[in-house]
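Overview (structure and organization)
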Amino acid sequence: MVQTTRRRMLEITTDYLDAMVRHSPQGLPLSEDVRCTYNSEVSAPGDNELWRRVRRIPQRQSFVDEQTGNVVFFGIVTNEVLSMPGVSADAVMAWWFYILRLKIEDGRITEIEEIAAPSRQRGFLVDIQEVPLPEMLFEVPIDPEDRMTREELVDVANCYWDGIENKIPYERLPVHPDARRCELGLFTTDNPQTPDSLKTNIALPGFTWDIRQRRFPVVDPKRGLVISAVSFRQKSPQLPTGMGSAVMEIFRIEDGLMKFLYAFFLRGAPEKSPWVEE
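Before going into details, it helps to say that this report is about the structure given with it. (Residues numbered from 1 in each chain as written. Predicted model: local features only at pLDDT ≥ 70, side-chain atom pairs only at ≥ 80, totals over all residues. Heavy atoms only, no water.)

So, on to the pattern of salt bridges. If you walk through the whole model with that rule in mind, you get 17 salt bridges. The partner of Lys167 in a salt bridge is Glu165, and the shortest N-O contact between them spans 3.3 Å. Here Glu165 falls in the buried class, since its relative accessible area comes to 10%. (Salt bridge = Lys/Arg side-chain N within 4 Å of Asp/Glu carboxyl O. Buried < 20%, exposed > 50% of the residue type's maximum accessible area, 1.4 Å probe, protein only.)

This model, assessed by the stated rule, comprises 15 aromatic pairs. Look at Phe74 and Tyr262: their rings are 6.2 Å apart centre to centre, the planes differ by 65 degrees, and that puts the pair in the edge-to-face class. Separated by 188 residues along the polypeptide, Phe74 in strand E4 (residues 70–78) and Tyr262 in strand E12 (residues 257–270) bring together distant segments of the chain. In this structure, Phe74 and Tyr262 share a single accessibility class: buried. Put simply, the rings of Phe63, Phe74, Phe97, Phe138, Phe187, Phe260, Tyr262 and Phe264 pair up and form one aromatic cluster. Cation over ring: Arg180 sits above Phe187, and NZ or CZ is 4.0 Å from the ring centre. (Phe/Tyr/Trp six-rings, centres within 6.5 Å; stacked < 30°, edge-to-face > 60°. Helix = DSSP H or I, 4+ residues; strand = E, 2+ residues; numbered from the N terminus. Lys NZ or Arg CZ within 6 Å of the ring centre and 35° of its normal.)

On the surface, a cluster of negative charge is made up of Asp143, Glu145, Asp146 and Asp255. Within the secondary structure layout, Asp146 lies in the loop between strand E6 (108–118) and helix H3 (150–164). (Patch = residues over 30% accessible without salt bridge, like charges linked within 9 Å, V, L, I, M, F, W, Y side chains within 5 Å. Areas by Shrake-Rupley, 256 points an atom, 1.4 Å probe, with all protein chains shown as cover. Lys, Arg positive; Asp, Glu negative; His and termini not counted. Charge placed at Lys NZ, Arg CZ, Asp CG, Glu CD.)

Along the polypeptide, Arg252 turns up in strand E11 (residues 243–254). The buried category is assigned to Arg252, whose relative accessible area is 2%. Within the structure, the side chain of Arg252 is placed 3.0 Å from the side chain of Glu254, a separation counted as a polar contact. Those residues in contact with Arg252 that lie beyond four places of it in its chain are Leu137, Phe138, Val140, Ile142, Arg223, Gly224, Leu225, Leu257, Met258, Lys259 and Phe260. (Polar contact = N/O pair within 3.5 Å; in protein donor to acceptor, adjacent residues only side chain to side chain. Contact = heavy atoms within 4.5 Å.)

Pairing is mixed across the open sheet formed by 6 strands, whose spatial order is E2-E1-E6-E5-E4-E3. One side of each edge strand has no neighbouring strand; the edge strands of this open sheet are strand E2 (41–42) and strand E3 (56–65). Examined bridge by bridge, strand E1 (residues 30–38) and E2 share 2 bridges and lie antiparallel to one another. Among the inter-strand pairings, Tyr38 is bridged to a residue of E2, identified as Glu41. (Pairing = 2+ DSSP bridges.)

Laid out in structure tokens, this is it:
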């Protein structure tokens, strides 16, 4: 297998996003046995609500890992356009938080994972049109002498998930003094509603989750980034079984410490990801 270049991976991602806005996957370099999911359920390429409705992608940021062959894209998508000759506006305007993961091998797409979260979820009432992307901190390279290995970066991200599961005491979490966390465009640390820091927030009573099926599709030592995909569910007998949240979280790590966490997620997703065999 020939490794696809970073440039080519980005070009294929551009073509994929343009195809979604055109509402047709025709012409995309799909492998014959391509696997595809939408909101953690098996689907066919181009067969979901976004491919039928999205008209533009005003906020965008892509992350590439040539070693794993994965591209992860975070975006804000909408069907909101002005009516004009040849363009019909949708009667119901809608916005979504959008995550795309493509796996590319030998220049062809072998895996498609899409997650679309509605613009307003309980506890996360933000103006989606004001969510800032790209986050420029994720583009800043780490000085070569300070870069960590892929394994070291994944270990730091795993510490975060272990802390949420109460597998390790929060005092041991490797957290930078400047650390903040943003979820669905809302800062969930050091704000009036949740005034605790990232480290002490994890120690709050009731902040306990089952974190399952951890994956790390993108690890980028040059930029100190890890992107982790997990399925998680709060430990509560009141919640229905079989349902959880599908999460994709970006970790910016400097000096061995978590400095910025940025997550999109979908509540009510199937608890078991089709991308992990158990």
